[in-house]
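Architecture and fold: a report
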Amino acid sequence: MLKVYTYAKCSTCRNAVKFLREHGIEFKELPIRETPPSVSELKQALKSKDGNVRALFNTSGLDYKALGLSAKLPGMTELEALNLLAGNGNLVKRPFVVGKEVWLVGFEEGLWKKALN
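Residues numbered from 1 in each chain as written. Predicted model: local features only at pLDDT ≥ 70, side-chain atom pairs only at ≥ 80, totals over all residues. Heavy atoms only, no water.

Right, let's get into the overall build of the protein. Along its length, the protein carries 6 helices and 4 strands. Ordered by position in the sequence, the α and β elements of the protein form the string β-α-β-α-α-α-α-β-β-α. Taken over C-alpha atoms, the radius of gyration comes to 14 Å for the protein, in line with the 13 Å a tight globule of 117 residues would show. The principal-axis extent of the C-alpha atoms belonging to the protein is close to 40 × 25 × 25 Å. A total of 117 residues make up the protein; the buried ones form 38% of that total. Taking the contacts inside the protein whose residues are at least 6 apart along the sequence as the reference set, 67% of them involve residues at least 24 apart. Surface exposure of the protein reaches about 6800 Å², of which carbon and sulfur atoms provide 49%. Between the centroid of the 18 positive side chains of the protein and the centroid of its 12 negative side chains there is a distance of 3 Å. (Helix = DSSP H or I, 4+ residues; strand = E, 2+ residues; numbered from the N terminus. Rg over C-alpha atoms; globule rule 2.2 N^0.38 Å. Buried < 20%, exposed > 50% of the residue type's maximum accessible area, 1.4 Å probe, protein only. Contact = heavy atoms within 4.5 Å. Areas by Shrake-Rupley, 256 points an atom, 1.4 Å probe, with all protein chains shown as cover. Lys, Arg positive; Asp, Glu negative; His and termini not counted. Charge placed at Lys NZ, Arg CZ, Asp CG, Glu CD.)

Below you can see the structure in the form of structure tokens.
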């Protein structure tokens, strides 16, 4: 079963959940702020993003900006960045989806159709 990390006030997350329901895809929804993805889940997603750790970050979020991560992220190790994400769900790009062989970050309907069919 898919684990879908979402934020209730995020319209993109709501659209993703609607998409899953409309397509009859079973999933467990988790609040990303209270229960961020684990480092191991983030590592799997990172593979799907060809090692681009920045692609896992919510770069438009207030926490990202407040921490000055646009300047700091390039100097961080992969593990430092993943630990930061696992410790602060506000930093993770959402929705964040983990499945047996599926890792999705953000919601792009065409990509989701291809990955989940």
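The next subject is the environment of Arg-33. Tracing the backbone through its elements, the reader meets Arg-33 in the loop between strand E2 (27–31) and helix H2 (39–48). Residue classification places Arg-33 among the partly exposed positions, given a relative accessible area of 42%. Setting aside chain neighbours within four positions, we find Arg-33 in contact with Tyr-7, Gly-89 and Asn-90. A polar atom in the side chain of Arg-33 sits 2.9 Å from the side chain of Tyr-7. (Polar contact = N/O pair within 3.5 Å; in protein donor to acceptor, adjacent residues only side chain to side chain.)

Turning our attention to the packing of aromatic side chains. Working definition: an aromatic ring pair is given by the centre-to-centre distance plus the angle between the planes. Going through the model one piece at a time under the given rule, you end up with 5 aromatic pairs. Measuring from ring centre to ring centre gives 6.0 Å for Phe-19 and Trp-112, while their planes differ by 80°; the resulting arrangement is edge-to-face. One end of the pair, Phe-19, is in helix H1 (residues 11–22); the other, Trp-112, is in helix H6 (residues 109–116), with 93 residues separating them in the sequence. The pair formed by Phe-19 and Trp-112 is uniform in burial state, with each residue classed as buried. Cluster of aromatic residues (ring-pair linked, three or more members): Phe-19, Phe-107 and Trp-112. (Phe/Tyr/Trp six-rings, centres within 6.5 Å; stacked < 30°, edge-to-face > 60°.)

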